[in-house]
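Examining the three-dimensional arrangement
Chain by chain, the residues:
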Amino acid sequence: MFEEASEVFDNMFKSSFPLTFIVFIPAVLILVSPLPAEAAHEFTVYRMQQYDLQGQPYGTRNAILNTEARTVEAEVLSRRCVIMRLVDFSYERYQKALRQSAGAVVIILPKNMSTMPQDIVQQFMELEPEMLATETIVPVYFALEDDELLSIYTQTLTSSSSQGSSSAAEVLIHTATANGFQMVTSGAQSKAVSDWSITSLEGRLAGTGGEDLPTIVLVAHYDSFGVAPWLSYGADSNGSGVSMLLELARLFSRLYTYKRTHAGYNLLFFVSGGGKFNYQGTKRWLEDNLDHTDSSLLQDNVAFVLCLDTLGNGDSLHLHVSKPPKEGTPQYALLKELETVVSSQYPEVKFSMVHKKINLADDTLAWEHERFGIRRLPAFTLSHLNSHREAQRSSIMDVRSVSPSSRHGAGEHPAGPHVDLRKLSRNTKLIAEALARVIYNLTEKGAPGDLQIFTEQMQVQEEQLSSVVDWLTAQPRAAQLVDKDSSVVSTLEYHLGRYLKDVRRHYVKADKRDPEFVFYDQLKQTMNAYRVKPAIFDLLLAVCIAAYLGVIYLAIQHFGVLYSLVRRITAPKTKQH
Amino acid sequence: MTLFHFGNCFALAYFPYFITYKCSGLSEYNAFWRCVQAGATYLFVQLCKMLFLATFFPTWEGGAGVYDFVGEFMKATVDLADLLGLHLVMSRNAGKGEYKIMVAAMGWATAELVMSRCIPLWVGARGIEFDWKYIQMSFDSNISLVHYIAMAAVVWMFTRYDLPKSFRLPVTVLLGLCVYKAFLMECLDCTAKAILTFYCFNTFM
């Protein structure tokens, strides 16, 4: 406030001195002092998801906005931009804004989401799918909070909540001093992105000992999902799965380099894209390999497919199957080995098999293994989550780590979804041990349950896991943002290429006539908040200026009167000389 | 409503000039073209000043907080050209004293208004963003009208040979103030700041 006042003073003094002192300073002080003056503030906003899946539209349909800002407490919300903070966010308020046909909704998120308290995170996570399920024509934006945005919010709050309750004089003063804000986005209307290709990567480790070896496929999808694509970092789901896959690739490629440990199984690693959009990458890969190619590892002897999904936390492991494995099959062997390893080496982990039939009538498939199941390949998904409907699989609150202050006491349920590195490395070792026991047939050969293979030089490298997870969560990996030239894809390709052979890319483009998925652009915008005055203010100003001009006119017309007045005041002094 | 706001500022800035022109009797003397000539002289004088400043006063590379008194003093002295310009305009106009003063001042002030305030108002006041500075700029132009009238009057008085001796000194002082007022304001500002920081420093030490 003081800088503004001194700037005004400087300008005045440079132009004309005495008159400004008498006339202008009181007026300026009255008009400038009540609120700190705010200029236009530019900030980045991230739009809510907009996509069509199998013809069904989801999310917000609109991108442009040019409306005045209000908060939820205001009475009139129609055609206004409603600003809410995350701490005050609730579904009823959101619905209220939509019911009153608001022009837009902007939700302000704290800069560091890991410091949010647990219940707010939980509540928001549950609301995300509901917000996406209802198709809204109103653009919904998310902005990260900073000081200026917060002050804009508080100013809007005070002016919104004081709207209906003051006298005429207060309203007049209010119009002169209050600041309204006009929110304007700079982009265009959103439109569908044509020819977006989702990239997936595959690599293999060939087994030894003849043709027609059984194949084990390890799959993890690398993309993330959240209510806003640019804010979805997907740490646990599925950054943990990808980092575990890379670590398994490293370990087994090491084992396969030595002739003594080169096993008789082919290992196929697949990092799929579009996983959160009903596993598009996997679906097309399967079609290409099974329908369009003559010979592929997937057509011949597939022992089983293991999908890794959300394994970075938690003390339980669930093996999700669509058909319980029959005895004597490799899937059954894996199930038994997992149970063995858990019971003898990791008693703190609760392991169970979850049987869920594939329901083709559902909008989307539950887990990635169901895609393989539909094509009659034996598959399961490992996850620490019990149900595929868990909110944290598709939430922007899934971040790399949470601060200790937001956790409850030790022993209680942990805070928002995040990756716990020790648990991730424990899970990696667990799965690696179980896989090794299946591949090398250790139980039949009489190896004890607590035989540990991956120790000393072969041990799971926690730093490797940590750096991969850190790198993955450093950028948003929504499927709409990762195209084939993206650095995520090329770095993953490079990493896979270090350990595996025949690393190949696989592209999925939506079908032209009946697209399975359609993405839209304008997901990140720059929004400007302009300080505006209410319309009455201009009228008030016009009246004041008209009055002022009238006074000037009268003064000039009757200048003689003024002059003689001045002379009469100064004359007695000269008469005395 | 932002075009309305531009209209408000425009009215605030221009109408007093218009009223002054109409009501001070200048219109009876068909002084319009003489005012325009005065405006042209203003443009010419400003151009000369700018060239002079650009040529002889290189950018001063010194500390950011220290005020270059001598440099700014020399720059302010160039504003004497304003006075000379006013004198030139007035000497070319035959007529009574008031006529000369009013013509010179009106033309000068109008030219300054058009040159320095038109474009900021057009560009800024029409935008979505509201800022008090446009109202302030328009009000400023009113004050500068009065200021130029006073300045022209003082210059005219200075050049009169029948000015009483007792008035010589105040007139000269006023002329000096006209030229150096910006510089004096900066000096006062700097000294006030220095005294204040010195005082605060002493209080807290």
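Counting restarts for each chain, with residues numbered from 1 along the sequence as it is written. Both sets of labels track the order of writing: A upward for chains, 1 upward for ligands. In keeping with the model being predicted, local features are shown solely for residues with a pLDDT of at least 70 and side-chain atom pairs are shown and tallied solely at 80 or more, while totals for entire chains, interfaces and linings include all residues. Excluding hydrogens and water, the side-chain values take into account all heavy atoms of the structure.

1. Thoughts on the sheet that holds strand E1 (residues 41-47) of chain A
Sheets are built from strands that pair by backbone hydrogen bonding, the pairs being arranged parallel or antiparallel. Residues and elements named next belong to chain A. Whether two strands pair comes down to DSSP finding at least two bridges between them. Numbering goes from the N terminus for both helices and strands, where a helix is a DSSP run of H or I of at least four residues and a strand is a run of E of at least two. The strand order around the closed barrel built from seven strands is E1-E7-E6-E5-E4-E8-E18, with neighbouring strands paired in mixed fashion. When the angles between neighbouring strand axes are averaged without regard to direction, this sheet yields 35°. Both E1 and strand E7 (residues 140-144) contribute to a ladder of three bridges, which runs antiparallel. Along E7, the bridge assignment pairs Tyr46 with Phe142. All axes here are fitted lines through C-alpha atoms, helices being fitted over the stretch that makes contact, and every angle between N-to-C directions spans 0 to 180 degrees.

2. A closer look at the UniProt feature "domain: Peptidase M28" (unreviewed entry) in chain A
UniProt positions are given in the numbering used here, feature names are shortened, and annotations may be inferred rather than shown by experiment. In this numbering, the UniProt entry assigns the feature "domain: Peptidase M28" (unreviewed entry) to residues 214-372 of chain A. For residues 214-372 of chain A, the end-to-end C-alpha separation is 16 Å, with 35% helix and 21% strand making up the annotated structure.

3. Remarks on the UniProt feature "transmembrane region" (unreviewed entry) in chain A
In the numbering used here, UniProt assigns the "transmembrane region" (unreviewed entry) feature to residues 539-566 of chain A. Measuring from the first to the last C-alpha atom of residues 539-566 of chain A gives 35 Å, for a span that is 96% helix and 0% strand.

4. Comments concerning the sheet that holds strand E9 (residues 197-205) of chain A
Residues and elements named next belong to chain A. With respect to topology, eight strands assemble into an open sheet ordered E14-E13-E15-E12-E10-E11-E9-E16, the strand pairing being mixed. Edge positions in the sheet fall to strand E14 (350-355) and strand E16 (501-509), since each of these pairs with one other strand and no more. Adjacent strand axes in the sheet meet at a mean angle of 20° when their direction is disregarded. The pairing of strand E10 (residues 215-221) with strand E12 (residues 302-308) spans five bridges and is parallel. When the bridges of E12 are listed, Thr215 appears paired with Val302. Its contacts with the sheet place helix H8 (residues 280-291) against E9, E10, strand E11 (266-272) and E16, and it is angled at close to 110° to E16. Against the sheet, helix H11 (residues 421-439) engages E10, E11, E12, strand E13 (316-321) and strand E15 (379-383), with an angle of about 180° to E12. Only heavy atoms enter the contact rule, under which two residues are in contact if any of them lie within 4.5 Å.

5. Digging into the packing of helix H6 (residues 132-159) of chain B against helix H7 (residues 165-204) of chain B
All names here are of chain B. For the pair H6 and H7, the least separation of the axes is 10 Å and the interaxial angle reads 140°. Looking at the two axes, H6 sits oblique to H7. Here H6 and H7 pass one another in a crossing that is left-handed. Across the interface between the two elements, His147, Met151, Val154, Val155, Met157 and Phe158 from H6 touch Arg168, Val171, Thr172, Leu174, Leu175, Cys178 and Lys181 from H7. Roughly parallel means an angle under 35 degrees; roughly antiparallel, over 145; roughly perpendicular, 65 to 115; everything else is oblique. Helix crossings are classified by the rotation of the near helix relative to the far one: an anticlockwise turn of less than a right angle makes the crossing left-handed, while a clockwise turn makes it right-handed.

6. Quick look at a nonpolar patch on the surface
Residue and element names in this part refer to chain A. Among the surface-exposed residues, Phe559, Leu562, Tyr563, Leu565 and Ile569 lie close enough to one another that they form a single nonpolar patch of about 530 Å² accessible area. Summarising the element assignment, Leu565 is placed in helix H15 (residues 559-575). Overall, the relative accessible area of 42% leaves Leu565 in the partly exposed class. Each patch is assembled from residues with relative accessible area greater than 30% and no salt bridge, linking like charges that lie within 9 Å and nonpolar side chains (Val, Leu, Ile, Met, Phe, Trp, Tyr) that lie within 5 Å. Accessibility throughout is a Shrake-Rupley quantity obtained with a 1.4 Å probe, and a residue counts as covered only by protein chains that appear here. We define a salt bridge as a contact between a side-chain nitrogen of Lys or Arg and a carboxyl oxygen of Asp or Glu at a distance within 4 Å. When accessible area is computed with a 1.4 Å probe and restricted to protein chains, residues below 20% of their type maximum are described as buried, those above 50% as exposed, and intermediate ones as partly exposed.

7. Examining the pairing of strand E18 (residues 524-532) of chain A
Residues and elements named next belong to chain A. Pairing between E1 and E18: six bridges, direction antiparallel. Its bridge partner lying in E18, Val45 is registered against Gln525. Relative to E18, strand E8 (residues 180-185) runs antiparallel, the two being bridged by six bridges. Within the sheet, the bridge partner assigned to Phe181 lies in E18 and is Arg531.

8. Thoughts on the packing of aromatic side chains
To pair, rings of Phe, Tyr and Trp, with the six-membered ring standing in for Trp, must have centres within 6.5 Å; the planes then decide the type, stacked if under 30 degrees apart, edge-to-face if over 60, and tilted in the middle. For the structure on display, the rule yields 21 aromatic pairs over all chains. Relative to Trp285 of chain A, the ring of Phe270 of chain A has its centre 3.8 Å away and its plane inclined at 10°; by these criteria the two rings are stacked. Remark: Trp285 of chain A occurs in helix H8 and Phe270 of chain A occurs in strand E11; sequence separation between them is 15 residues. When its relative accessible area of 0% is taken as the criterion, Phe270 of chain A is described as buried. Classification of Trp285 of chain A by relative accessible area gives buried; the value is 1%. Summarising the aromatic geometry, the rings of Phe32 of chain B and Trp33 of chain B are spaced 5.7 Å apart at their centres and angled 75° between planes, so their arrangement reads as edge-to-face.

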